[in-house]
Amino acid sequence: RPTKQAEGATGIAGDATAAQNVTELIPYAYYSEVYVSAENIVQGAASIEAQLPELLGTSFLDAQHYGMITGDATMVGIFANAALTSDVNCAAAGAPTWTDLIKFAGTLRKKAFNPTIVISPTFIANLLLSTEASFEGLKMELMTKGSIRGVPVFEDPLAPETTVAGDVVAVGMDLKNYCFAVAREMQIEPIRTPGTAGVYFQAVSFMNGKPIIAANGYQLKAV
C-alpha cells in the first residue's frame, strides 16, 4: 500500500511485498494398469481398446481432483491445514452457519479478484434447510444463482465434513491460484507377459499440483 512522501524525499524503501518469486512443481509419475482378457479383445461386443483412453483419462483426472482438494503424497490439497495461509474462524463450534459464510464471503474480497467458495454439499444442505427466517434472501440467492453475497459456491463431494476444532470446513480463493504441472500427455502401452493370453494396458502420466501463492487463499476453520 503506497504512502505519501515528502517533496524531494530520498532513500524511499522499495516494495518488498510485491517482490516476484518462483513456484516450482516437479511432475511425478502416476500409474494405472488395466488387464483385458484375450476373449474380451477378440470377441467383445465393444472395442475395449478404443474406450481405454477415455476410461483411463477419467481416472487420471480423478487423481488430479483428489490431489487438489484432499492432497496426496505429491499434490498439495487446498483443504490441508496451512496449504493456504489466510485463516478465518467460525463463530462457534460445529458446522459452518450462515453467519460464518456471510463473513467468509466478504473476507474473500480482500485478495481474490474472482473468488470461489469450495465447500461440502452437506454443509450447503444444512444452510438451505436452516429454519432461520432472516436468511431467506440468501437462501434464494444460493439456490438460484449458486452464490453467497455474489461469491460463487462450488459444492465438491471430496470436501471434508469433519468439524473438530482446527478442521478446514471451506476454502475460498481464485481457482486460478491452483496450478497443475503435467510433463506430457498420458501414454498407454499394451504389455503382453509370458503365460498370459490377455494384455496389460499400462498408463503413465507425469503430474503435480499446488497453490501458486498460499497467502492468496483463505481457509474457514472450525473452532
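Residues numbered from 1 in each chain as written. Predicted model: local features only at pLDDT ≥ 70, side-chain atom pairs only at ≥ 80, totals over all residues. Heavy atoms only, no water.

A.B. asks: Just checking my understanding: could you explain the sheet that holds strand S4 (residues 147-148) for this structure?
C.D. replies: Backbone-to-backbone hydrogen bonds pair the strands of a sheet. The strands run either parallel or antiparallel. Taken together, 6 strands build an open sheet; the order of strands is S2-S10-S6-S3-S5-S4 and the sheet is mixed. Only two strands of the sheet have a single partner each, and these edge strands are strand S2 (86-89) and S4. The pairing of strand S3 (residues 116-119) with strand S6 (residues 168-173) spans 4 bridges and is antiparallel. Bridge pairing in S6 links Ile117 to Gly172. In the packing of helix H3 (residues 98-107) onto the sheet, the strands contacted are S2, S3, S4, strand S5 (151-155), S6 and strand S10 (217-221), and the crossing angle to S10 comes to about 165 degrees. (Pairing = 2+ DSSP bridges. Helix = DSSP H or I, 4+ residues; strand = E, 2+ residues; numbered from the N terminus. Contact = heavy atoms within 4.5 Å. Axes fitted to C-alpha atoms, helices over the stretch in contact; angles between N-to-C directions.)

A.B. asks: Sorry, what's going on with the packing of aromatic side chains here?
C.D. replies: Aromatic ring pairs are defined here through the distance separating the ring centres and the angle between the ring planes. In total, this model carries 3 aromatic pairs according to the counting rule given. Their ring planes at 50 degrees and their centres at 4.8 Å tell us that Tyr35 and Tyr200 sit as a pair that is tilted. On the criterion of sequence distance, the pair formed by Tyr35 in strand S1 (residues 28-36) and Tyr200 in strand S9 (residues 199-211) is long-range, its members being 165 residues apart. Of the residues examined, Tyr200 reaches a relative accessible area of 25% and is grouped as partly exposed. Arranged with centres 6.0 Å apart and planes meeting at 25 degrees, the rings of Trp98 and Phe135 form a pair that is stacked. Of this pair, Trp98 sits in helix H3 while Phe135 sits in the loop between helix H4 (121-128) and helix H5 (136-145), and the two are 37 residues apart along the sequence. What makes Trp98 buried here is its relative accessible area of 1%. A relative accessible area of 13% places Phe135 in the buried class. (Phe/Tyr/Trp six-rings, centres within 6.5 Å; stacked < 30°, edge-to-face > 60°. Buried < 20%, exposed > 50% of the residue type's maximum accessible area, 1.4 Å probe, protein only.)

A.B. asks: Honestly, the nonpolar core in this entry has me stumped. Any pointers?
C.D. replies: The tendency in soluble globular proteins is for nonpolar side chains to be buried as a group. Within the largest apolar cluster, 23 residues are counted, with the highest numbers of intra-cluster contacts made by Leu101, Phe104, Ile117, Ile119 and Leu220. At the level of secondary structure, the elements contributing two or more residues to this core comprise H3, S3, H4, H5, S5, S6 and S10. Per-element accounting of this core gives the leading share, 4 residues, to H3. Setting aside chain neighbours within four positions, we find Ile117 in contact with Leu101, Phe104, Ala105, Leu108, Val151, Pro152, Val153, Phe154, Ala170, Val171 and Gly172. (Core = buried A, V, L, I, M, F, W, Y, C linked by side-chain atoms within 4.5 Å.)

A.B. asks: I tried to follow the layout of surface pockets on my own but got confused; where do I start?
C.D. replies: To find the voids left in a structure, one rolls a probe of water-molecule size over its atoms. In this structure, the largest pocket occupies an estimated 540 Å³ of space. In the lining of the largest pocket, the residues fall into 8 nonpolar, 5 polar and 4 charged. (1 Å grid on protein atoms, 1.4 Å probe; cavity = no way out; pocket = protein on both sides within 12 Å on 5 of 7 lines; lining within 4 Å. Points joined across faces, edges and corners; volume = space filled by probe spheres on them. Nonpolar A, V, L, I, M, F, W, Y, C, P; charged D, E, K, R; others polar.)

A.B. asks: Just checking my understanding: could you explain the environment of Ala170 for this structure?
C.D. replies: Along the polypeptide, Ala170 turns up in strand S6. The sequence separation of Ala170 and Lys221 amounts to 51 residues, and the corresponding C-alpha distance is 7.2 Å. Not counting the four nearest positions on each side in its chain, Ala170 is found in contact with Phe79, Phe104, Ile117, Val118, Ile119, Tyr218, Gln219 and Leu220.

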